[in-house]
Amino acid sequence: RDSRFGVLDMAAHRDAVFAQLFGRRQPVGVVLDVAAHRAVENYSRTGEISNDPYLPAWIAFVKSTGFKPTHIEFPIFSARWRFACTIDVLGTLPDGRMFLPDVKTGAKKKWLPLQTAGQAIALSSHGLCPREVTRANVYLRQDGTYVLDDHNSPKDFIALAGLLNGDSRWTDMEYMYV
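Cut-off values and rules
- Residues numbered from 1 in each chain as written.
- Predicted model: local features only at pLDDT ≥ 70, side-chain atom pairs only at ≥ 80, totals over all residues.
- Heavy atoms only, no water.
- Buried < 20%, exposed > 50% of the residue type's maximum accessible area, 1.4 Å probe, protein only.
- Helix = DSSP H or I, 4+ residues; strand = E, 2+ residues; numbered from the N terminus.
- Pairing = 2+ DSSP bridges.
- Right-handed = clockwise from strand over helix to strand, strands pointing away.
- Axes fitted to C-alpha atoms, helices over the stretch in contact; angles between N-to-C directions.
- Core = buried A, V, L, I, M, F, W, Y, C linked by side-chain atoms within 4.5 Å.
- Contact = heavy atoms within 4.5 Å.
- Expected span 1.5 Å × (residues − 1).

**A short note on the pairing of strand β3 (residues 98-104)**
Here's step 1: For β3, a buried count of seven out of seven residues is recorded, marking the element as mostly surrounded by other parts of the structure.
Here's step 2: Side-chain alternation along β3 places M98, L100, D102 and K104 on one buried face and F99, P101 and V103 on a second face that is also buried.
Here's step 3: Relative to β3, strand β2 (residues 83-92) runs antiparallel, the two being bridged by two bridges. Of the residues in β3, the one forming a bridge with T92 is M98.
Here's step 4: With antiparallel pairing between neighbouring strands as the criterion, β2 and β3 make up a hairpin whose turn holds five residues, including G96 at a positive phi of roughly 95°.
Here's step 5: Bridge count for β3 against strand β4 (residues 134-140) is six bridges, and the pairing is parallel. Its bridge partner being in β4, L100 is matched across the sheet by R135.
Here's step 6: Taken together, β3, helix α5 (residues 112-125) and β4 constitute a β-α-β crossover, and its handedness is right-handed.

As structure tokens, then:
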């Protein structure tokens, strides 16, 4: 399989899809992540609070940043670059800036800024936000806290373009090859 799809497949929960296709049991981390995404989606749409252990961290993030979601679990594509992805959440901050936080429950990975760069490209190609949208991962913790990891390096777009063009030299941008 072409390696350039590995980064963006994460937004579609690749492991869960493969588990369903090939009959493998889903790892516990994937099950928890999917449940957390559903809880965040439901809370962001309806305000309903579930008993998901990661939801208090999302609520704390929303309250402390003033983030207002406008698009939730939104599938989108880039015709130019020929990829599709799912946006966890897109919205605005109190100062009016567009913010693209990607929700995570696991460990930090070096390549995750490439995922949000791809999402920003897809969104901007449809006029939904500027490519310079503020991007980050929001790592939700079961203790109700969160860690915000900003993704604002222009190198993310350069590395992603190299990856999508099939150039394996993007690894010298200090990203792990996926």
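**Remarks on the pairing of strand β1 (residues 68-78)**
Here's step 1: Summarising the sheet, β1 and β2 pair through nine bridges and their orientation is antiparallel. Bridging from a neighbouring strand, F77 pairs with A84 of β2.
Here's step 2: Between β1 and β2, which pair antiparallel one after the other, the connecting turn spans four residues, and R82 there sits at a positive phi close to 60°.

**Comments concerning the sheet that holds β1**
Here's step 1: One open sheet holds the five strands; their spatial order is β1-β2-β3-β4-β5, and the pairing between them is mixed. In this open sheet, the two strands that pair with only one neighbour each are β1 and β5 (146-150). Going across the sheet, the axis of each strand differs from the next one's by a mean of 35°, ignoring polarity.

**What to know about the nonpolar core**
Here's step 1: Of all hydrophobic cores here, the largest spans 23 residues; its most connected members are I87, L90, L100, L123, V133 and L160.
Here's step 2: If you list the elements that add at least two residues to this core, you get β2, β3, α5 and α6 (155-164).
Here's step 3: Sorting elements by how many residues they give to this core places α5 first, with seven residues.
Here's step 4: If near-sequence neighbours (up to four positions away) are discounted, L90 is found in contact with F67, P69, T70, H71, M98, F99, L100, L123, L128 and V133.
Here's step 5: In this structure, W58, V89, A136 and L140 belong to the second largest nonpolar core, which totals 19 residues.

**So, α5**
Here's step 1: When the terminal C-alpha atoms of α5 are compared, their 20 Å separation across 14 residues agrees well with the 20 Å that a helix rising 1.5 Å per residue should span.
Here's step 2: Most of α5 sits out of view: 12 of its 14 residues are buried.
Here's step 3: Those residues of α5 lying buried are L112, P113, L114, Q115, T116, A117, G118, Q119, A120, I121, A122 and L123.
Here's step 4: Just downstream of α5, G127 is the residue with a positive phi angle, here 75°.

So, to be careful, I would describe these as geometric facts and stop short of saying anything about function.
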